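Coordinate inspection notes
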Amino acid sequence: MKNELEEIFGEQDQSEFDLIHSLDDLENVTDEVSTRYVKPVKHKKTNNKNIIFPNAQDLVSKIDMKANEDVFCFVSGDFVFGDFLIAFLEHHDICAEKLTISTLSFDNYNIDGLRHMMDNGYINNITFLISDYFYSHERHKKVKYLYDKLDVDNRLQVGVCRTHTKMTTILTDRGNKIVMHGSANLRSSDNIEQFKIEFNEELYDFCEDFNTKLINKFKSINKSLTNKKVKEIWKQV
């Protein structure tokens, strides 16, 4: 494992990585990913709350999980979305069976927090979708740190492509489907940000399907088939 990481993240010509995940690669995925016209997702009416909060810890207690209350937030520059995500799982005692994070950037302490949540049973599987721009500039540091810390027990996947989306989807062990989306990256940007939390199964399925197609195309970790997956494939033969 160590030699593989050193080979991947060793000093190499920057231009090599600029060509790895080109926009042409995405355009060639004809029947896998379509970004031109899509059928609008039917949005089930839910309770809504519009709020302004300065930091993550104050916000989590205002979200009513039982009522599946959608929340739209304006947050100040010292708000850290990565901190909110961790506090949200912990405060509501949620186990994320599958956590998918699409973000432009993150810091090492965000990764430390996610590792802590994995070790303490709050996250079973985690997938990152990050931009090739961030990857090309941080592959020796923050991206390598991500692999070092989170690639345990085959529970991590990382996709790298030309993406600027900031979105988190959560499938809980209770069957809740949650989508968090907005302008905020995992780390603080020292700017006013906005994001929304939606308890919407159709929106979750729509986003998860799109992200899965990107991950399948641009994944960076090869995983062997589990016995469960082999049995599923065998039944389809």
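Located above this text is the structure these notes cover.
The rules behind these values
Residues numbered from 1 in each chain as written. Predicted model: local features only at pLDDT ≥ 70, side-chain atom pairs only at ≥ 80, totals over all residues. Heavy atoms only, no water. Helix = DSSP H or I, 4+ residues; strand = E, 2+ residues; numbered from the N terminus. Contact = heavy atoms within 4.5 Å. Areas by Shrake-Rupley, 256 points an atom, 1.4 Å probe, with all protein chains shown as cover. Salt bridge = Lys/Arg side-chain N within 4 Å of Asp/Glu carboxyl O. Buried < 20%, exposed > 50% of the residue type's maximum accessible area, 1.4 Å probe, protein only. Axes fitted to C-alpha atoms, helices over the stretch in contact; angles between N-to-C directions. Parallel < 35°, antiparallel > 145°, perpendicular 65-115°, else oblique. Left-handed = near helix turned anticlockwise from the far one by under 90°. Nonpolar A, V, L, I, M, F, W, Y, C, P; charged D, E, K, R; others polar. Expected span 1.5 Å × (residues − 1). Arc of directions from axis to C-beta. Polar contact = N/O pair within 3.5 Å; in protein donor to acceptor, adjacent residues only side chain to side chain.

Regarding its fold elements, the protein chain presents ten helices and eight strands. Sequence separation of at least 24 residues holds for 75% of the intrachain contacts in the protein chain that already meet a minimum separation of 6. When the accessible area of the protein chain is evaluated, it comes to approximately 13,400 Å², of which 49% is carbon and sulfur surface.

Glancing now at the pattern of salt bridges. Taken as a whole, this structure holds seven salt bridges when the rule is applied. Among the ionic pairs, glutamate 208 bridges to lysine 98, the shortest N-O distance being 2.7 Å. Taken together, the residues span a long stretch of sequence, with glutamate 208 in helix H9 (residues 201-218) and lysine 98 in strand S3 (residues 96-103) at a distance of 110 residues. The exposure class assigned to glutamate 208 is buried, which follows from its relative accessible area of 9%. A salt bridge links arginine 115 to aspartate 119, with the nearest nitrogen and oxygen atoms 2.9 Å apart. Of this pair, arginine 115 and aspartate 119 both sit in helix H6 (residues 108-119), four residues apart, roughly one helical turn.

The next thing to look at is the packing of helix H5 (residues 81-91) against H6. At a minimum axis separation of 9 Å, H5 and H6 run at an interaxial angle of 15°. When the axes of H5 and H6 are compared, the pair comes out roughly parallel. H5 and H6 meet at a crossing whose hand is left-handed. Taken together, the residues of H6 that come into contact with H5 (itself represented by Gly82, Asp83, Leu85, Ile86, Leu89 and Glu90) are Tyr109, Asn110, Gly113, Leu114 and Met117. By residue class, the composition of the contact of H5 with H6 is six nonpolar, three polar and two charged.

This brings us to the packing of H6 against helix H8 (residues 142-150). The interhelical angle for the contact between H6 and H8, taken along N-to-C directions, is 10°, at an axis separation of 10 Å. The angle between H6 and H8 places the two elements in the roughly parallel class. Contacts between H6 and H8 involve Asn108, Ile111, Asp112, Leu114, Arg115 and Met118 from the former and Lys142, Tyr145, Leu146, Lys149 and Leu150 from the latter. Across the contact of H6 with H8, the residue classes tally to six nonpolar, one polar and four charged.

With 18 residues, H9 extends 25 Å between its outermost C-alpha atoms, agreeing within 8% with the 26 Å of an ideal straight helix rising 1.5 Å per residue. Listed as buried for H9 are Leu203, Tyr204, Cys207, Glu208, Asn211, Leu214, Ile215 and Phe218. Considered in projection along H9, the buried side chains sweep an arc of 130° and stay on one side of the axis. A side-chain oxygen of the first residue of H9 lies 3.0 Å from the backbone nitrogen of glutamate 202; this N-cap is asparagine 200.

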